[in-house]
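Observations on the three-dimensional arrangement
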Amino acid sequence: MTREEKAPSLSEELESLLRVLPGPIREVVERHPGTSEISLLLGRPLVLSFGGKGNFIEFHDLVVDQRHIEHLTTRLSALKDDGRAGIDRTAHRISVIRDRLNNVIGLTVRIGRFIPVLTEEEKSLILSTGGSLLVIGAPESGKTTLLRNIVAILAEEYGPNLSVIDTSNEIGGLGQVPHPSLKTARWHQVRDPKEQPVVIRRAIANHAPQVLVLDEIGYNEDVEEVEAAARRGIRVIASVHGLDLADILENPRYAPLLGRPDLEKRVRIYRPAFKAAIEVRAKGKMFFIPNLARAIDLTLVGGKPEGHRLGPNWKEDEPDYPEDWGLTQTVLPSRPESVVARHLVRGSQKLKELCEAEGMNEASVTRLVLLALAGNKVAQKKVELYSQALQGEAP
C-alpha cells in the first residue's frame, strides 16, 4: 500500500481545538499544554484537568459566562442527540450540559491525542496475532490509547478490509471525517450504544471485513455478535473493562468470548474468540499473552498466564503477577489435572522428583496437563498417575 497523506502532529491536532475556543480560554490552555480536559460551567471558574485524581487547576479570575458558552456551541458543526460533538480529523470530544429548559449551561471538552505507545518490536507482536486480540484494561489505564495505536498499525496492513466499530467515538473522533490514523479503514460510528449489535451485523453483511475492531464491548448484547463474527472466520480485536484476565473470567457476560469456562469444574468448554490478549495494567505498563486459550486453562487450574511485558514502566524486581493472583474461588476441584497443576505452579518438590525420574521438565508437564484438559486420553491417564502419586502431599 502507498500513502502520501501524513497524520497531523500533536500540535496540529491541538490547534484544531484551539481555533474554536473563546480567546481568554484559548490563552489559558496554550499555557498548559498537558491539559486533558477543559470544564466550562456557567457562572463558575474555568477548570483544566490533567488526568488522575485531584490533578486539576481552577482559574478563579476567569469565570465562564454566556458568551463563552455561545462562542463554542455556535462553532460545533453537528451536536448529536447524545449531547456530543467533535472536530473533523481529530479525536477531541465536546459534550454539553443542559438545564431543565434544554439550554446549554456547561461544556466538557476532552482533548484526544494520538500518542504512539508501541515500539517496533511491540508492533510486530501485535501483527503476529493476525488481528485476533482481546484488550483488557480499567478506565483511565490507557486502553483506548493503545487501541488507537493498534488500529493505526492494522489500517496499514488491511486498509478497507478493516472495519472499526467506534462505540464511544474515541478512536476516530466525533466529526464526519475520522482521525487520519484510520487511513482507509472503514469507520462505523455508533449513534446509540444500544444499536451496537445492529451496527456490527451491518458492517459484516455489507462490507465483509477481514478484521473487526470494537471499543468497550459487553453491555448491549454485542458479546453474542462478536462471538458469532469470530466463529465465522472474522478476526476480532475488542476491548473490555477489567484489571486482568482473572477479572474477566469471573465476569459471566464475557464467558462466550473466553470459551465458556466452567468455574466450578475449572475447565474451558470451547475455543476462545481471540487468539491473544493484552492486559493494560497502567500507562506504559502492559502484559501481552500470546496464547489466550492456554492462559485461560492455566488460570482455571490455579496457574498464571505466560507472556511478555510491554512498556517502560515495569519495575525490575516486579513479578508478572502477584503471588496471590488468581480466581477468587478458593476451593479447586480434586480432578487430576487440577491436582498436578497446583503442584506445578507452587513448585512441589515431590512433583520435581517424579519429573526427574521420568526425564521430564516443567514445560513438558505443563503441556501434558493442557493436553489432558483438551481431552487427550493418553495425557489424561498419565496425569492421573501423577495425581495419585501426589496424594497427601501439600502442593
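Scroll up to find the structure this text is about.
Residues numbered from 1 in each chain as written. Predicted model: local features only at pLDDT ≥ 70, side-chain atom pairs only at ≥ 80, totals over all residues. Heavy atoms only, no water.

1. Description of the overall build of the protein
Going by this rule: Secondary structure is summarised from DSSP: a helix means a run of H or I of at least four residues, a strand means a run of E of at least two, and numbering begins at the N terminus for each. Burial here depends on accessible area, computed with a 1.4 Å probe over protein chains only, as a share of the maximum for the residue type. Under 20% is buried, over 50% is exposed, and the range in between is partly exposed. We call two residues in contact when some of their heavy atoms are within 4.5 Å. In this description, accessible areas are obtained by the Shrake-Rupley approach with a 1.4 Å probe, and a residue is regarded as covered only by the protein chains that are shown. Residues counted as positive are Lys and Arg, residues counted as negative are Asp and Glu, and His and the chain ends are not counted. Taken as the charge centre is NZ of Lys, CZ of Arg, CG of Asp or CD of Glu, depending on the residue.
Of the regular secondary structure elements, the protein holds 13 helices and 16 strands. The dimensions of the protein, computed from C-alpha atoms along their principal axes, are 80 × 45 × 45 Å. Within the span of the protein, comprising 395 residues, buried residues form 51% of the whole. Of the contacts formed within the protein by residues at least 6 apart in sequence, a portion of 60% connects residues at least 24 apart. Element-wise, carbon and sulfur atoms account for 49% of the exposed surface of the protein, whose accessible area totals about 19,600 Å². Separation between the mean location of the 52 positive side-chain charges and that of the 54 negative ones in the protein comes to 3 Å.

2. Section: the sheet that holds strand 8 (residues 162-166)
Operational definition: Two strands qualify as a pair provided DSSP detects at least 2 bridges between them. Axis definition: a line fitted to C-alpha atoms, limited for helices to the stretch in contact. Angles are taken between N-to-C directions and run from 0 to 180 degrees.
In space, the eight strands of this open sheet follow the order 9-8-10-11-7-14-15-16, with mixed pairing throughout. Looking along the sheet, the strands with just one partner apiece sit at the ends: strand 9 (186-189) and strand 16 (308-310). Recorded for the sheet is a direction-independent mean angle of 20 degrees between the axes of neighbouring strands. Running at roughly 125 degrees to strand 16, helix 4 (residues 120-128) makes contact with strand 7 (133-137), strand 14 (276-282), strand 15 (285-289) and strand 16 of the sheet.

3. Structural notes on the nonpolar core
Cut-off, in case you're wondering: Grouping buried Ala, Val, Leu, Ile, Met, Phe, Trp, Tyr and Cys residues that are joined through side-chain atoms within 4.5 Å yields what is termed a nonpolar core.
Among the nonpolar cores identified, the biggest contains 39 residues, and Leu134, Leu212, Leu214, Val236 and Phe274 are the most heavily contacted of them. When residues of this core are traced back to their parent elements, those giving at least two are strand 7, helix 6 (196-207), strand 10 (211-214), helix 7 (222-231), strand 11 (235-241), helix 8 (245-249), strand 15 and helix 9 (292-300). Leu212 has contacts with Ser163, Ile165, Ile200, Ile204, Ala229, Ile234, Arg235, Val236 and Ile237, leaving out every residue within four places of it along the chain. In terms of nonpolar packing, the next biggest core, distinct from the first, is built from 28 residues, Leu118, Leu146, Ala155 and Ile237 among them.

So, to be careful, I would describe these as geometric facts and stop short of saying anything about function.
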